[in-house]
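# An overview of the molecular structure
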Amino acid sequence: MTAQILDGRALSTALQAGFADEITSAVATGLRPPGLAVIQVGEDPASSVYVANKRKTCEKIGMYSVSKDLKADISQAELNALVDEYNADPSIDGILVQLPLPAHLSAAEIIERIHPDKDVDGFHPENIGKLAIRQPALRPCTPFGVMKLLQTAKLDLYGMEAVVVGASNIVGRPMALELLLAGATVTITHRFTRDLEAHVRRADLLVVAAGKPGLVRGDWIKPGAIVVDVGIHRQEDGSLCGDVDFAAAAERAAWITPVPGGVGPMTIAMLMHNTVQSWRERVA
Ligand code: GUN
């Protein structure tokens, strides 16, 4: 292997230690800790793992968290009412509704219901709009975590050919906005893209968030490229893999994120970052 590892686990741990120190000092002076409300609807197994991790991290860094596990058949009106309650709760700085939601509920409606100042996922149209016009406020956690990882490795993206694979609201689209903000020339590919391989081959920086194990072959990677893999999949033998063939890609890339231990931990770190940011503005 020739690529250097972008170690999201180590950076996430370091960032969390910083937040823990800040919270401990603030609480010692009599301030309330940051508060995060984490809402899960139903029992999607992957969501349960993510939500448990988020709650555990809150506890570890001294953040106040409230957890709501709602039945899959809750109505939109009931879910809206719960969000309204947290919008009005002065001990809560961030509200997160884990996605995806059951089919009878509207994610768009609930995302707009969360007050933009408490939207620590950064999904509200106001926050996405601010990112698009170069005035970022609360930024989507996964793309923001990728940027933090690249900045920490001192990788300057100005002028780079960046290719994003996947155009979801949660990762691909805001990722492209972040990369544009950082001065890259950005291409977004998606399920209707005709020749994915040709786009990947041109990429100085490749971010893959397609949700398809092994979609990107190692021999597609441009020699010396930076490869960021957002995918995470459980294989039959129980191990985890990403959307990129890691072993083969690492032979050609200059930098690469591992799965696990790359982007995943950074998403949680940036959720904590956003909640602390929201709290700072509220307690100031
Ligand atoms: N589902 C997958 N990723 C995320 C995320 O970052 N936030 C929320 N709320 N749901 C998700």
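Definitions and cut-offs
Residues numbered from 1 in each chain as written. Predicted model: local features only at pLDDT ≥ 70, side-chain atom pairs only at ≥ 80, totals over all residues. Heavy atoms only, no water. Axes fitted to C-alpha atoms, helices over the stretch in contact; angles between N-to-C directions. Helix = DSSP H or I, 4+ residues; strand = E, 2+ residues; numbered from the N terminus. Parallel < 35°, antiparallel > 145°, perpendicular 65-115°, else oblique. Left-handed = near helix turned anticlockwise from the far one by under 90°. Contact = heavy atoms within 4.5 Å. Buried < 20%, exposed > 50% of the residue type's maximum accessible area, 1.4 Å probe, protein only. 1 Å grid on protein atoms, 1.4 Å probe; cavity = no way out; pocket = protein on both sides within 12 Å on 5 of 7 lines; lining within 4 Å. Points joined across faces, edges and corners; volume = space filled by probe spheres on them. Nonpolar A, V, L, I, M, F, W, Y, C, P; charged D, E, K, R; others polar. Core = buried A, V, L, I, M, F, W, Y, C linked by side-chain atoms within 4.5 Å. Domains from an automatic or database assignment. Salt bridge = Lys/Arg side-chain N within 4 Å of Asp/Glu carboxyl O. UniProt positions renumbered as here; feature names shortened; annotations may be inferred. Near = heavy atom within 4 Å. Polar contact = N/O pair within 3.5 Å; in protein donor to acceptor, adjacent residues only side chain to side chain. Areas by Shrake-Rupley, 256 points an atom, 1.4 Å probe, with all protein chains shown as cover.

## Section: the packing of helix α1 (residues 8-28) against helix α10 (residues 263-283)
- Remark: α1 packs on α10, axes separated minimally by 8 Å, with the N-to-C direction vectors making an angle of 25 degrees. In terms of their interaxial angle, α1 and α10 are classed as roughly parallel. At the point where α1 passes α10, the crossing takes the left-handed sense. Between α1 and α10, the residues in contact are Gly8, Arg9, Leu11, Ser12, Leu15, Phe19, Glu22, Ile23 and Ala26 and Pro265, Met266, Ala269, Met270, Met272, His273, Val276, Trp279 and Arg280, respectively.

## Quick word on the environment of Ala176
- Position of Ala176 among the secondary structure elements: in helix α7 (residues 172-181).
- According to the relative accessible area criterion, Ala176 is buried, its value standing at 8%.
- The sequence separation of Ala176 and Thr152 amounts to 24 residues, and the corresponding C-alpha distance is 19 Å.
- The contact partners of Ala176, leaving out residues within four places of it in the chain, are Val164, Val186 and Ile188.

## A short note on empty space enclosed by the protein
- What the rule picks out here adds up to one cavity of 30 Å³ or more.
- For the largest cavity, the full set of lining residues is Ile95, Val97, Leu99, Ile110, Ile111, Ile114, Asp119, Asp121 and Phe123.
- Mapped onto the lining of the largest cavity, the elements with two or more residues apiece are β4 (94-97) and α4 (107-113).
- Here the residues of the lining of the largest cavity are counted per class, giving seven nonpolar, no polar and two charged.

## Section: the nonpolar core
- Grouped together as the largest cluster of nonpolar side chains are 46 residues, with contacts concentrated most on Leu150, Leu179, Leu205, Ile226 and Met272.
- Broken down by element, this core gets its largest block of residues, nine residues, from α10.
- A domain split of this core shows at least three residues from each of domain 1 (30-115) and domain 2 (141-264).
- Apart from residues lying up to four places away in sequence, Leu205 is in contact with Leu150, Leu157, Met160, Glu161, Ala162, Val163, Leu179, Ile226 and Val228.
- In this structure, Leu70, Leu79, Leu105 and Ile114 belong to the second largest nonpolar core, which totals 20 residues.

## Some remarks on the pattern of salt bridges
- Applying the stated rule across the entire model yields 12 salt bridges.
- Among the ionic pairs, Arg55 bridges to Asp69, the shortest N-O distance being 3.4 Å. Here Arg55 is found in helix α2 (residues 45-60), whereas its partner Asp69 is found in strand β3 (residues 64-70), with 14 residues between them in sequence.
- For Asp69, a relative accessible area of 54% puts it in the exposed group.
- Linking Glu178 and Arg139 is a salt bridge whose minimum nitrogen-to-oxygen distance equals 2.8 Å. Here Arg139 lies in the loop between α5 (125-132) and α6 (141-152) and Glu178 lies in helix α7, a separation of 39 residues in the sequence.

## Comments concerning the UniProt feature "domain: Tetrahydrofolate dehydrogenase/cyclohydrolase catalytic" (unreviewed entry) in the protein
- Under the UniProt annotation, "domain: Tetrahydrofolate dehydrogenase/cyclohydrolase catalytic" (unreviewed entry) lies at residues 6-121.
- Secondary structure across residues 6-121 divides into 49% helix and 16% strand, with the first and last C-alpha atoms of the span separated by 23 Å.

## Focus: the UniProt feature "domain: Tetrahydrofolate dehydrogenase/cyclohydrolase NAD(P)-binding" (unreviewed entry) in the protein
- Per the UniProt annotation, the sites labelled "domain: Tetrahydrofolate dehydrogenase/cyclohydrolase NAD(P)-binding" (unreviewed entry) are residues 140-281.
- Note that residues 140-281 is 37% helix and 17% strand, and that its end C-alpha atoms are spaced 18 Å apart.

## Observations concerning the site of the ligand
- As a structural note, the neighbourhood of the ligand is formed by Lys54, Leu96, Val97, Gln98, Leu99, Asp121 and Phe123.
- In this structure, a nitrogen atom belonging to the ligand sits 3.2 Å away from a side-chain N or O atom of Gln98.
- Between the ligand and Asp121 there is a distance of 2.6 Å, counted from a nitrogen atom to a side-chain nitrogen or oxygen.
- Protein contacts shield 84% of the accessible area of the ligand, which totals 280 Å² for the unbound molecule.
- Residues that form the shell around the ligand fall into these classes: four nonpolar, one polar and two charged.

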